[in-house]
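# Structural overview for review
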Amino acid sequence: MKKISLFFQDAKPFSQLLGLFFIFLICLILSGGLLMLLPSSTAGEGSVRPGLIVQAVSQLLTFLLPVLLFAIVYKPHAAEYFKLGFQGRYWWLAFVAMVIVLLLSPFNDVVNTWNNGWNLGPLETYARELTSKNQAMIDRLLSLTSFGDVCLQLLVVALVPAICEELFFRGGVQQILHDWWGNKHAAVLVTALLFTLAHGDLYGLVPRFVMGVVLGYLFICSGSILVNVCAHFFNNAIVVVLYLFYHKGIISVAPIDPLAMPWHVVVLCTVGALLLFVVYFVKKTSK
């Protein structure tokens, strides 16, 4: 395996990007073919657990497998390239990143409400139907409330996407674009856009783009994919926990409903998130 990566290690960033997307396309086709062979059930409680397994398999084949194959072909020192740092300070930065994600929730809720009010003209009907189907799938997958089911939901809906998508987008795409253009800001923005489009939800476009930008800068400033995985996991885990509380009757507001927090709370939380980012990421990076 190492001999293969040594052969391709001098490839230019543009060639690496083409290689990554070619591998991604092959894996996407493979994923679609394998998922079609799996027995499908779309209704009833019995379909939820198989549905979660299908989601996990889809994530692993679509995002994790391509970036692992990319590392085998192009990166002889993959662990160093993907910044797989697990030292103590990275865990502290991961905790701070999760707090930042939590504080940004009210701002993202405002952005999501605004985005959801868009009129997309000719695409309106198609976009609304796609959003409704995606939401119905999430509602179904997060409908069970037993301890084992919640653990499975956290694994499939929160942890697996966090690992797969962060390695693919921040570890792979963003670093290649950074090497190619020499501009970290352009790399973060374009990667965030690709990350957003990959989810295919036009009515979640802006909040997901914002989250992509946040994750992009967290990766650059922390120098560890661990920080990103933890922040991404926490963001998804919040949704899982909110669905659990909703189905248990602990909260009466559905997770998809707007929080409608007062503007001063939104501002204070957003400013707090920015201050944490500057103090723990920007300043430490500059040092």
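These remarks concern the structure in this document. (Residues numbered from 1 in each chain as written. Predicted model: local features only at pLDDT ≥ 70, side-chain atom pairs only at ≥ 80, totals over all residues. Heavy atoms only, no water.)

### Details of helix H2 (residues 13–37)
Along an α-helix, residues three or four apart share an orientation, since each turn contains 3.6 residues. Between its first and last C-alpha atoms H2 spans 36 Å; for 25 residues at 1.5 Å apiece the expected length is 36 Å, and the two agree. When H2 is considered as a whole, its buried residues turn out to be Pro13, Gln16, Leu17, Gly19, Leu20, Ile23, Phe24, Cys27 and Ser31. In this structure, the buried residues of H2 make contact with helix H3 (48–74) and helix H8 (147–181). (Helix = DSSP H or I, 4+ residues; strand = E, 2+ residues; numbered from the N terminus. Expected span 1.5 Å × (residues − 1). Buried < 20%, exposed > 50% of the residue type's maximum accessible area, 1.4 Å probe, protein only. Contact = heavy atoms within 4.5 Å.)

### Looking at the nonpolar core
Counting residues in hydrophobic clusters, the biggest one holds 27 residues, and the most contacted among them are Phe70, Phe82 and Phe168. The element contributing the most residues to this core is H8, with nine residues. Excluding residues within four positions of it along the chain, Phe70 makes contact with Gln16, Leu20, Ile23, Lys75, Tyr81, Phe82 and Ile176. Of all hydrophobic cores here, the second largest spans 20 residues; its members include Leu93, Ala97, Ala273 and Phe277. (Core = buried A, V, L, I, M, F, W, Y, C linked by side-chain atoms within 4.5 Å.)

### Structural notes on the pattern of salt bridges
Tallying each qualifying case throughout the model produces three salt bridges. Close ionic contact of Arg49 with Asp149 constitutes a salt bridge, the shortest N to O distance being 2.8 Å. With a gap of 100 residues between them, Arg49 in helix H3 and Asp149 in helix H8 connect regions that are remote in the sequence. On the basis of relative accessibility, which here comes to 35%, the residue Arg49 falls in the partly exposed class. A relative accessible area of 6% places Asp149 in the buried class. (Salt bridge = Lys/Arg side-chain N within 4 Å of Asp/Glu carboxyl O.)

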